[in-house]
Protein chains: 2
Amino acid sequence: MTTIYQVAEHAGVSLSTVSRVLNGRKTVNPKLREKVELAMQELNYRPSSVARSLATNRTDSIGILVSELDTPFFGEMVQAIEVTLRQANKHVIITVGHNDLAQEVDAVEFLISRRCDALIMHTEGMSDEQLAAINQDRIPIAVINRDVPGIDDGCFCLDNEQGGFLATEHLIAMGHRQIGYISGPRNKHDAMERLSGHKRALAEGGLDFLPEMVFEGHFQELDGRDGLRYLKQQNPALTAVVCANDWMASGAMSCARDMGLDLPRDLSIVGFDNLMFAHHVFPKLTTVSNPVNKMGEMAAKSILNRVYDQQHVLQPLYDAQLVVRDSVFDLNSL
Amino acid sequence: MTTIYQVAEHAGVSLSTVSRVLNGRKTVNPKLREKVELAMQELNYRPSSVARSLATNRTDSIGILVSELDTPFFGEMVQAIEVTLRQANKHVIITVGHNDLAQEVDAVEFLISRRCDALIMHTEGMSDEQLAAINQDRIPIAVINRDVPGIDDGCFCLDNEQGGFLATEHLIAMGHRQIGYISGPRNKHDAMERLSGHKRALAEGGLDFLPEMVFEGHFQELDGRDGLRYLKQQNPALTAVVCANDWMASGAMSCARDMGLDLPRDLSIVGFDNLMFAHHVFPKLTTVSNPVNKMGEMAAKSILNRVYDQQHVLQPLYDAQLVVRDSVFDLNSL
DNA sequence: CTGTTAGCGCTTTCAT
DNA sequence: ATGAAAGCGCTAACAG
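(A) Molecular detail of the overall build of chain A. For chain A, the helix and strand inventory stands at 12 helices and 12 strands. Rg of the C-alpha trace for chain A: 26 Å, well past the compact-globule value of 20 Å for 334 residues, more than 25% over. Judged by the C-alpha coordinates and their principal axes, chain A covers about 85 × 40 × 30 Å. In chain A, which comprises 334 residues, the share counted as buried stands at 57%. Considering only contacts within chain A whose residues lie at least 6 apart along the sequence, 68% involve residues at least 24 apart.

(B) The arrangement of the protein's contact with DNA strand D in detail. In the vicinity of DNA strand D lie 26 residues, with Ile4(A), Tyr45(A), Thr17(B), Arg20(B) and Asn29(B) positioned nearest. For DNA strand D, the backbone makes up 66% of the atoms found within 4 Å of the protein, where backbone means sugar plus phosphate. Within the side chain of Arg52(A), an N or O atom sits 3.2 Å from a phosphate oxygen of DNA strand D. One nitrogen or oxygen atom from the main chain of Ala55(B) is found 3.4 Å from a base oxygen belonging to DNA strand D. Counting only elements with at least two residues in the surface near DNA strand D, the list comes to helix H2 (15-22) and helix H4 (49-56) of chain A together with helix H2 (15-22) and helix H4 (49-56) of chain B. In the surface near DNA strand D, the residues fall into 11 nonpolar, 11 polar and 4 charged.

(C) Representation of the protein's contact with DNA strand C within the structure. In the neighbourhood of DNA strand C, 26 residues make up the surrounding shell, with Ser16(A), Arg20(A), Asn29(A), Ile4(B) and Tyr45(B) lying closest. Atoms of DNA strand C within 4 Å of the protein belong to the sugar or the phosphate in 65% of instances, the rest to bases. Side-chain polar atom of Asn23(B) to a phosphate oxygen of DNA strand C: 3.3 Å apart, as the coordinates give it. Those elements that provide at least two residues to the surface near DNA strand C are H2 and H4 of chain A together with H2 and H4 of chain B. Tallied by class, the residues present in the surface near DNA strand C amount to 12 nonpolar, 11 polar and 3 charged.

(D) Helix H11 (residues 246-258) of chain A, seen in detail. All names here are of chain A. Spanning 13 residues, H11 covers 18 Å between terminal C-alpha atoms, matching the ideal 18 Å at 1.5 Å per step. When H11 is considered as a whole, its buried residues turn out to be Asp 246, Trp 247, Met 248, Ala 249, Ser 250, Gly 251, Ala 252, Met 253, Ser 254, Cys 255 and Ala 256. In this structure, the buried residues of H11 make contact with strand E6 (179-183), helix H10 (221-234), strand E8 (240-243), strand E9 (268-270) and strand E10 (287-289). Between the side-chain oxygen at the start of H11 and the backbone nitrogen of Trp 247 there is a gap of 3.3 Å, and the oxygen is on Asn 245.

(E) Representation of the pattern of salt bridges in the model. Residue and element names in this part refer to chain B. Inspection of every chain in the model, using the stated rule, returns 30 salt bridges over all chains. For Asp 128, the salt bridge goes to Arg 146, with nearest N and O atoms at 2.9 Å. Remark: Arg 146 occurs in the loop between strand E4 (141-144) and strand E5 (155-158) and Asp 128 occurs in helix H7 (residues 128-137); sequence separation between them is 18 residues. Judged by its relative accessible area of 25%, Asp 128 falls in the partly exposed class. Judged by relative accessible area, which is 16%, Arg 146 ranks as buried. Among the ionic pairs, Arg 200 bridges to Glu 204, the shortest N-O distance being 3.4 Å. With Arg 200 and Glu 204 both in helix H9 (residues 189-204) and 4 residues apart, the pair spans about one turn of that helix.

(F) Region of the structure containing the relation of the copies chain B and chain A. Superposing chain B onto chain A takes a rotation of 180° combined with a translation of 0.1 Å along the rotation axis, leaving an RMSD of 0.2 Å. Each copy turns onto its partner about a two-fold axis. Comparing interface residues between copies, 100% of those in chain B also lie at the interface in chain A; the contact surface is shared.

(G) Focus on the interface of chain B and chain A. Taken together, the contacts link 52 residues of chain B with 52 residues of chain A. Each partner contributes to the roughly 4,600 Å² buried at the junction of chain B and chain A, and carbon and sulfur atoms together form 57% of this total. Area buried by chain B at its contact with chain A is led by Arg86(B), Arg115(B) and His280(B), which between them contribute 15% of it. Taken together, chain B and chain A are joined by 4 salt bridges. For Asp106(A), the salt bridge is made with Arg86(B), and the minimal N-O distance between the two is 3.2 Å.

(H) Looking closely at the side chain of Gln79(A). Of note, Gln79(A) is situated in helix H5 (residues 72-87). A polar contact of 2.7 Å, which involves the side chain of Gln79(A), links it to the backbone nitrogen of Leu69(B). Apart from residues lying up to four places away in sequence, Gln79(A) is in contact with Glu68(B), Leu69(B), Asp70(B), Val96(B) and His98(B).

(I) Highlighting the sheet that holds E6(A). Residues and elements named next belong to chain A. The sheet built from 4 strands is open, its strands ordered E7-E6-E8-E9 with parallel pairing. Only two strands of the sheet have a single neighbouring strand rather than two, namely strand E7 (214-216) and E9. Put simply, the sheet's adjacent strands are angled 15° from each other on average, direction ignored. Those strands touched by helix H9 (residues 189-204) are E6, E7 and E8, and its axis lies near 170° from that of E6.

The rules behind these values
Residues numbered from 1 in each chain as written. Chains lettered and ligands numbered in written order. Predicted model: local features only at pLDDT ≥ 70, side-chain atom pairs only at ≥ 80, totals over all residues. Heavy atoms only, no water. Helix = DSSP H or I, 4+ residues; strand = E, 2+ residues; numbered from the N terminus. Rg over C-alpha atoms; globule rule 2.2 N^0.38 Å. Buried < 20%, exposed > 50% of the residue type's maximum accessible area, 1.4 Å probe, protein only. Contact = heavy atoms within 4.5 Å. Near = heavy atom within 4 Å. Polar contact = N/O pair within 3.5 Å; in protein donor to acceptor, adjacent residues only side chain to side chain. Nonpolar A, V, L, I, M, F, W, Y, C, P; charged D, E, K, R; others polar. Expected span 1.5 Å × (residues − 1). Salt bridge = Lys/Arg side-chain N within 4 Å of Asp/Glu carboxyl O. Least-squares fit on C-alpha atoms with pLDDT ≥ 70 in both. Buried area = accessible area lost by both parts, 1.4 Å probe. Pairing = 2+ DSSP bridges. Axes fitted to C-alpha atoms, helices over the stretch in contact; angles between N-to-C directions.

Printed below as a string of structure tokens:
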């Protein structure tokens, strides 16, 4: 590998002149600049980002921590981050936490020891306090899908309450009155917010909220099956169910089919997240979109602002949007 | 940030002793080792991988180049790579090429300037020659889903021919005789191998290969629609179609439904790749599995062998496997 | 505007 | 077994 020193020698200038050319300083004689650039070409010189990092105490790398990589949700998020950051000539180091606290902590230590300039994470495992502490004492953090007190200008969330509201409101507008709800785990913020939205829609629609019409799942496909079975049992006249994510909606769908129900005629289903497969299931799933790519982009830009002095306009809260497809039956049409 | 020097001072030993402890050298007096370790604890010392990289000329980082990140195919691949590599205390720097040659070349330069120790790529854009040249002159490469002459012990492929064979063989076993084929682009290796397998199955099943029963697609969902329409027109008695990937199979499915066909009764469909959504479509898709996570793991291990002197056992060619679900109708049952 | 010099934090001979 | 010293490739005062 050619070094800056060899370039200097070849061009007949000093080390620092080459460094200046490299960093685009204006205070370089055009003739010298030309000579240096030629030398770099001839020697096929590539700057060592490692040496530069050591000297500047910056790595231009941002650590990413996600639960998984093999689902479109995280894939879209990470891709948006990578594209945004690489445009700014930064790079991403990706780690996967597998929803396991120990692995997440390990990953964060790993990223810090790699001297990342900042972290972007989507995690459920670490507590607000842990995150805030790291953000203050060690390294700037941006968080997606979570609102952590103590991390200012670094949290980017979907308006989950509004999303939950939208889903149920749609069902009510389509004439449904017997509506079940398959929620996410009680201890998850976003899950509970979605449920609140559901309750608000019920109230505004003049319907009573019945606790027995809520089944607590864990965002897994199987919970959709269990949930639907439970809800059907609670209320055989059920005409619709809203699921707190698309996976559970998909599970509810196959369960419904196993029960011999004709979809969407006999049962309407609404999902949440608008994952890539939402339009692959049959009937195509009506769901609430989660602009995860936008949030990824924002998280990246917030880092660009905080760490690299850029000036992007940030938007912390994202509106949910209802994506109407074919999984809700219009009872008014009868 | 604490440095090795401060640790040395705190422990009352020399710089080099700390370094030895850090690298687990055996030639350190246990008492001193203990003192050093205590000092590291007390000062909350974290080694700087940047400084180490500069000194060792190694970054312990591996660059990844994929076309996309937002599809399960690449997601699974990258995740397998990350997990394998991080166990070995290496890390991955991920770039996305978007199927664009210029961006791919750019990404590779980027990764090299980041001083990655090796590259793992899944790319269609760069030529065999380009790849082989980079591998020889610049940086070790492992390639997934492609067999590049000149990259030894670094190519990991699915047996596409066998996969194509399996798909069609299954259809024939189920009594189908009028079988259409929606292929990938003619200029893609894997696409053509899958088609060869199809032809071999036809031949072994005693069926004629009819060129007009093949539609050339580009692996996009829409091609499945176009393909099915075309094939139906060529042969209205068509009972089955094999698609060279799951996306096109999904497209063919919705098209079939639009045509008023009852699936799988009126039309059997087989896909390829076994993407995550394959069991979300209805009817659940019978398809050929592509162990992309295994190949990712192997690619990672091959790098571990070549660059970091580890000794993993490698498997270059992977058997395709038929995953039987519900999208093929058994004509023998009539 | 250009060159000299001193680090950045670590590894690695080479002596002791 | 331990320490001293040089160097990895670059940036950033500082002096001229």
